[in-house]
Amino acid sequence: MKKVYTCFTTDIIHEGHLNIIKEAAKLGSVTVGALSDAALIRYNRFPTISIDERIALYRGLDGVDEVVVQDDMTYDEIIKTLHPDIVVHGDNWKEGPEKALRENCIAALKEFGGELVEIGYTVNENVAKADSQLKEKLAMPEYRRKRLRQLIDICPIVKVMEAHSGLTGLITEKTIVEKNGKLDQFDGMWVSSLCDSTDRGKPDIELVDMTSRLRTINDIMEVTTKPIILDGDTGGLTEHFVYNVRTLERIGVSAVIIEDKTGLKKNSLFGTEVVQTQDSIENFSAKIAAGKRAQLTDDFMIIARIESLILERGMEDALSRAFAFVEAGADGIMIHSRKKDPAEIFEFCDRFREKDKTTPIVVVPTSFNSVTEEELSSHGVNIVIYANQLMRAAFPAMKQTAVEILTNHRALEADSHLMPFKEIITLIDEL
Ligand code: SPV
Ligand code: MG
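All figures in this text were calculated on a predicted structure; none of them were measured in a lab.

Space left empty within the atom packing is revealed by a probe, the size of a water molecule, rolled over the atoms. Throughout the structure, instances matching the rule amount to three cavities of 30 Å³ or more. Considered class by class, the residues forming the lining of the largest cavity number six nonpolar, seven polar and six charged. The calculated volume of the second largest cavity comes to roughly 50 Å³. When its residues are assigned to classes, the lining of the second largest cavity shows seven nonpolar, three polar and one charged.

Before going further, it helps to examine the site of ligand 1. Taken together, Trp190, Ser192, Ser193, Leu194, Asp231, Asn267, Ser268, Leu269, Arg305, His336 and Ala387 are the residues near ligand 1. Side-chain polar atom of Ser192 to an oxygen atom of ligand 1: 2.8 Å apart, as the coordinates give it. A distance of 2.8 Å is found between an oxygen atom of ligand 1 and a backbone nitrogen or oxygen belonging to Leu194. Calculation on ligand 1 without its partners gives an accessible area of 280 Å², and the protein chains cover 100% of this total. For ligand 1, the cavity whose grid points lie within 2 Å of the majority of its atoms is the largest cavity. Looking at the shell around ligand 1 residue by residue, the classes come out as four nonpolar, five polar and two charged.

Turning our eyes to something else, we now look at the pairing of strand β17 (residues 383-386). The alternating pattern of β17 places Ile383 and Ile385 and Val384 and Tyr386 on opposite faces, both of which are buried. By the bridge criterion, four bridges tie strand β6 (residues 158-162) to β17 in an arrangement that is parallel. Bridging from a neighbouring strand, Met161 pairs with Tyr386 of β17. Examined bridge by bridge, strand β16 (residues 361-363) and β17 share two bridges and lie parallel to one another. Looking at the pairing, Val362 lines up with Ile383 of β17.

Definitions and limits used
Residues numbered from 1 in each chain as written. Chains lettered and ligands numbered in written order. Predicted model: local features only at pLDDT ≥ 70, side-chain atom pairs only at ≥ 80, totals over all residues. Heavy atoms only, no water. 1 Å grid on protein atoms, 1.4 Å probe; cavity = no way out; pocket = protein on both sides within 12 Å on 5 of 7 lines; lining within 4 Å. Points joined across faces, edges and corners; volume = space filled by probe spheres on them. Nonpolar A, V, L, I, M, F, W, Y, C, P; charged D, E, K, R; others polar. Near = heavy atom within 4 Å. Polar contact = N/O pair within 3.5 Å; in protein donor to acceptor, adjacent residues only side chain to side chain. Areas by Shrake-Rupley, 256 points an atom, 1.4 Å probe, with all protein chains shown as cover. Sits in = over half its atoms within 2 Å of the grid points. Buried < 20%, exposed > 50% of the residue type's maximum accessible area, 1.4 Å probe, protein only. Helix = DSSP H or I, 4+ residues; strand = E, 2+ residues; numbered from the N terminus. Pairing = 2+ DSSP bridges.

Everything listed here is a matter of geometry and, on its own, says nothing about what the molecule does.
Laid out in structure tokens, this is it:
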């Protein structure tokens, strides 16, 4: 009896999967690999059921003899361990980012022995419907909201990209890269006050009100499934903040980050160049505690952002605020800096972690942008936010195009660096 292996990355079984099992069983005894959560979220959809539930689901299928966990998305380890005679896969991985996984599988089979059998991927209405139902499920508030906490548990560092519209949401949702045979993607979205304001041609001074911010969030939610962290500025009046916590939680936002400033808020990247007032520990702690009391689920997170380093109040001030805000109920701490060198961020994280091993730390490396995710993670950072890069990429491109068309009195010269609309709309799902 030949040993046949196939890896599944799905939470639901449709006829396409049953067909793979049926064909695999014709070739020998079938072992199904359940891809681990950590590998799955880098390359496929976020799981809606646990790895144990996925194992049980696959084990219950006719024709499956054994189920194992495949830890890595590449095939080397599992092929080295199991020595299957045959690996079975759908033929839908010949193009796109998954091509690298196919190449890796073929190379591993060459090294350890065994052959690859590819089976025509089932394309029909039922399969497409099952696929879109799973996506819709992930977009539901109860699934989206808890996903940030789940990601913090699964990932060494959660990677969050700025989104300020449906389109930037789609870019964050769908961009997948392949490097050294591995696939990667962003984990979540940051609805930045700076970019949300800039996109409306307004200054970042809490002028764009919550109703407008909620419209942006809704535009993003309409077309994505990944979790959302809202930049909640100062949180406003405590009496208003509690209502906003309820609203955000209800619509499925995962976290709000509020900063310990008061009065007319200016963007942190201005630092001490403009007048900015830090809130007292007592007031800000009371705001956090009120928000936590208003919250109804265990999923939602209120994260306290500390501006002491931005306002040059020193490390001791930043640390004492961090511990006080955690004491008041904050579910995470965002520490911000506008230094180019990440040294003060590292010092903060190391000293915070000496006393607090678990509260998630969030950083925004806009100024200290040479730092890598690995370095941040090694200092105990849990979430990295790329807070404004999509907006900063789009602005010069749009401006250059406007200048070129005005200069040449036609669009020909600009066209060579414009993406055809046909390509842009491949991002947009049709129902
Ligand atoms: C934002 O993106 O609006 C932020 C982060 O608050 S920063 O601009 O760095 O202050
Ligand atoms: Mg902001």
